[in-house]
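Notes for the structure review
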Amino acid sequence: MKIKALMATLAVLVCGVQAQALTVRDAKSLEAALQRARSDKRIRHIELASGNYELAAPLVIDEALSGTAADPFVLTAASGARAVLSGATSLPALRWEAWKDGIWRARYDGPSFQRLWLGRKMLVRARYPNLDPANPGFGGAADATSPERVARWHDPQGAVLHALHGARWGGVQVPILGKNADGSLAYGEQVDNNRVMPPSDKDRFVENVLEELDAPGEWFHDAREGWLYVKPLAGAQPPARGFRGSAHEALVRVEGRAQAVQHVRLQHLVFTNTEPTYLKATEPLLRSDWKFYRVGAVTIENAGDVRVEDSDFVDLGGHAVVVSGRADHVAVTGNHIHDIGGTAVAFVGRPEAVRSPLFEYYQRLELSAIDRTPGPKSDAYPKDSEATDNLIHDIGQIDRQATGVQLSMAARITVDHNSIYQLPRAGINVGDGTWGGHRITHNDVFDTVRMTGDHGSFNSWGRDRYWHPDRAEMDRRVAAHPELALLDAVQPIIMRRNRFRCDHGWDVDLDDGSSNYVIEENLMLAGGLKLREGFQRIVRNNILVNGSFHPHVWFDGGGDVFESNVVMGRHQPIEIRRWGRSVNRNLFVAEGDLRDAQARGTDADSVAGDPRFAAPARGDYTVTNAALAARVGFVNFPMDDFGVRPARLKAMALRPAFPPPTLRGQDRAAAAVVTLLGLKLKAVETLGEQSAAGLGDKAGLIVLAVEASSPGAAAGLQPRDVIVGADQEVINDVAGLQALLAAGRSVNLVVVRNQARMTLRWPSQAAKLNPNNP
């Protein structure tokens, strides 16, 4: 009767014209209003009154609901209302019975779920080690899957191993299928991370195991036997009603079916309580480190002129907004996205739009097989869209392979005036070079890389169709065909007037193959800037506060430029044979750093001195030493235009800590080079050396040179190899390797080459080991 009354109200004529705006008050009337709007094109505005809308299924906005540019279809909260779209559903009344150890159980044969709430309090799925709310870190333990602990588990089928990547390149999850005949765990395929390696042996925990239900506030659902177990926080019998379980991955799907849906607005809504999706993250995003699942609380595909604005995304199990495949002029703007399981905003194209696509780091194409046509193959990718003025923080709480804004297989995306902080990995991630044209401007990105490693507040790759994992082949390829690098990166990516701070990596990290960038007028507050091998990167007029320039393993003829920057430490090159097009006219703060650079053949016209920052304690690093700035062509840029602008978000947004400048530069003692049996070796000491070699830790010995006819040559060692182990022992220094080789017997060396581990056999020999330090 209520729905009939609503429909009658909707049909009222006002001044002879049918009403355009409809107001709904519950989930059923909302779905009914959408159905009515599909058949009545005059209905283009649906307002939601205050309330919690437990959706029976995701709302679908397809081409039947398309608006026009002048009169778009609008789904919005009524003025002053707080309308909450929820992906959780209320459980039926539960009849609890005491079980054991303070645990209660009730019969429940309904749909499975991964998250459970009692009222607004989210409970914890049974896990080991127990969740420690006071510990903001990963919260793992080395014995999470030890044989002794696994022996306690009767049937762990359905459990999940959560871990950091073995090299700390993000997170990884592994479904547990049960036990093998020998009692060990049977695992499924790793998800989330596209660089498949063994998970971290210490940063790991297991959830969804009945035997680990031991802490107040934990729960376990035995779907096969039909029992729901809870250990109440207060110790008393749980209530019969008030429990909710996550039911839906998506809340709104804006998706055209036979044709694109056009002109849609989602405004002033709250999106919450979705189901986690990390176990479905099996699709590799080309050769980036990412696997992905193309569903968010709001999912948009085959659509144009769609705006998601002034809304809140909170307490989601997965991603917030995913723009997938064919989409143009999509704007995600003015939203508060926080406390969610996955990525905040993702623009991700379809691989069928990519020419000569590859999907894993070690996949490669012969030159003759590469499509030489520049640009995309189809239009199945997001383009001419934006993520603007979003406040994004405390994300990646379940899926550690998450970021504030993700761009992959997309073109001309504007990422502007966002505040992004407190997340496990990079704040902005560009997965590949396809197809550039992005404008990344005025963002405030800090407190990133809190759990992972070897990346920065901004992170990118460019392992596009030209790229090959073997460095020697890459050198041959780019020498003969340098034009291949820009077949996918057809337009430059502009990074301008952002503020970055990363205390656990680089402020800006352009990794493998990243090409065709213009990076200018950015304020970097801690980690400096890294450029790994790539082409046509122009870095100019940036301020690297207490940071330096990290060029790694450049190609000959890469064409890079690093000019007119304020740098506060020595350049940190790793395996640079030629210095690009120009590294010059920079302002150093220490004379010794300048001399060091000039000794390497760079910075002939650079200068050293105090830039005299205006007010660093307030975040104003304006260079007031006008004479020095003029000599290198440095031009000041605004220091007060980073991050979100809407008043409601700006009032909540945090800012990074502003470091006092260190004017003495960055002193670093020269690393000792040791000669041992025809090998020139040095220990891995810096993050840069670790990153360049693709190591998980600062450990091992870098092979700098190998004498012909030496035991090392016989073993197959090559320059740039890193010796990380021998006969099942970890090698961290020359003394450790010397001790193993002293007996003269053959030894199995574990070596990292081209970011892959291999075993080489050191031959038996009786030579006397006398390392010397030249």
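Residues numbered from 1 in each chain as written. Predicted model: local features only at pLDDT ≥ 70, side-chain atom pairs only at ≥ 80, totals over all residues. Heavy atoms only, no water.

Counted by the stated rule, this structure contains 51 salt bridges. For D155, the salt bridge identified is with R224, shortest N-O distance 2.9 Å. On the criterion of sequence distance, the pair formed by D155 in the loop between α3 (147-150) and β16 (160-165) and R224 in the loop between β20 (218-222) and β21 (227-230) is long-range, its members being 69 residues apart. The salt bridge involving E249 is made with K280; its shortest N-O contact spans 2.5 Å. Residue E249 is found in the loop between β22 (243-246) and β23 (252-255), and its partner K280 is found in the loop between β25 (269-272) and β26 (283-284); the two are separated by 31 residues along the sequence. Within this structure, R195, D289, R425, D454, R463, D509, D511, D512, K530, R532 and E533 form a network of salt bridges that share partners. (Salt bridge = Lys/Arg side-chain N within 4 Å of Asp/Glu carboxyl O. Helix = DSSP H or I, 4+ residues; strand = E, 2+ residues; numbered from the N terminus.)

Assignment of secondary structure puts S419 in strand β39 (residues 419-421). Of the residues examined, S419 reaches a relative accessible area of 2% and is grouped as buried. If near-sequence neighbours (up to four positions away) are discounted, S419 is found in contact with N390, L391, I392, D444, G643, V644 and A653. (Buried < 20%, exposed > 50% of the residue type's maximum accessible area, 1.4 Å probe, protein only. Contact = heavy atoms within 4.5 Å.)

The five strands are arranged β15-β19-β16-β17-β18 in an open sheet whose pairing can be described as antiparallel. Looking at the sheet topology across the chains shown, the edges are occupied by β15 (127-128) and β18 (185-187). Pairing between β15 and strand β19 (residues 199-207): two bridges, direction antiparallel. Of the residues in β19, the one forming a bridge with Y128 is V206. (Pairing = 2+ DSSP bridges.)

Mapped onto the elements of the fold, A714 is located in helix α9 (residues 711-715). For the pair formed by A714 and Y229, sequence separation is 485 residues and the distance between their alpha carbons is 61 Å.

We now examine the sheet that holds strand β12 (residues 116-118). Read from one edge of the open sheet, four strands run β9-β22-β12-β13, paired in antiparallel fashion. Only two strands of the sheet have a single partner each, and these edge strands are β9 (88-90) and β13 (121-122). In the sheet, β12 pairs with β22 via three bridges, with the strands oriented antiparallel. Within β22, the position partnered with L116 by the bridge is G245.

Let us now look at the confidence of the model for the protein. Per-residue pLDDT for the protein has a mean of 93; in total, 95% of the residues score no lower than 70. Confidence drops under pLDDT 50 across residues 1-19; counting only partners more than four residues distant or on other chains, this segment forms 21 contacts. Overall, residues 766-774 carries pLDDT values under 50, and its contacts beyond four positions in sequence, including any with other chains, amount to 18 contacts. (pLDDT = per-residue confidence, 0-100.)

Another aspect to go through is helix α5 (residues 591-599). By the burial criterion, the buried members of α5 are D593, L594, D596 and A597. Within α5, the buried residues cover an arc of 160° as seen down the axis, which keeps them to one side. For α5, the exposed residues set more than 90 degrees away from the buried face come down to R595 and A599. The secondary structure elements touched by the buried residues of α5 are β56 (587-588) and β57 (607-608). In the stretch just after α5, G601 is the one whose phi turns positive, near 95°. (Arc of directions from axis to C-beta.)

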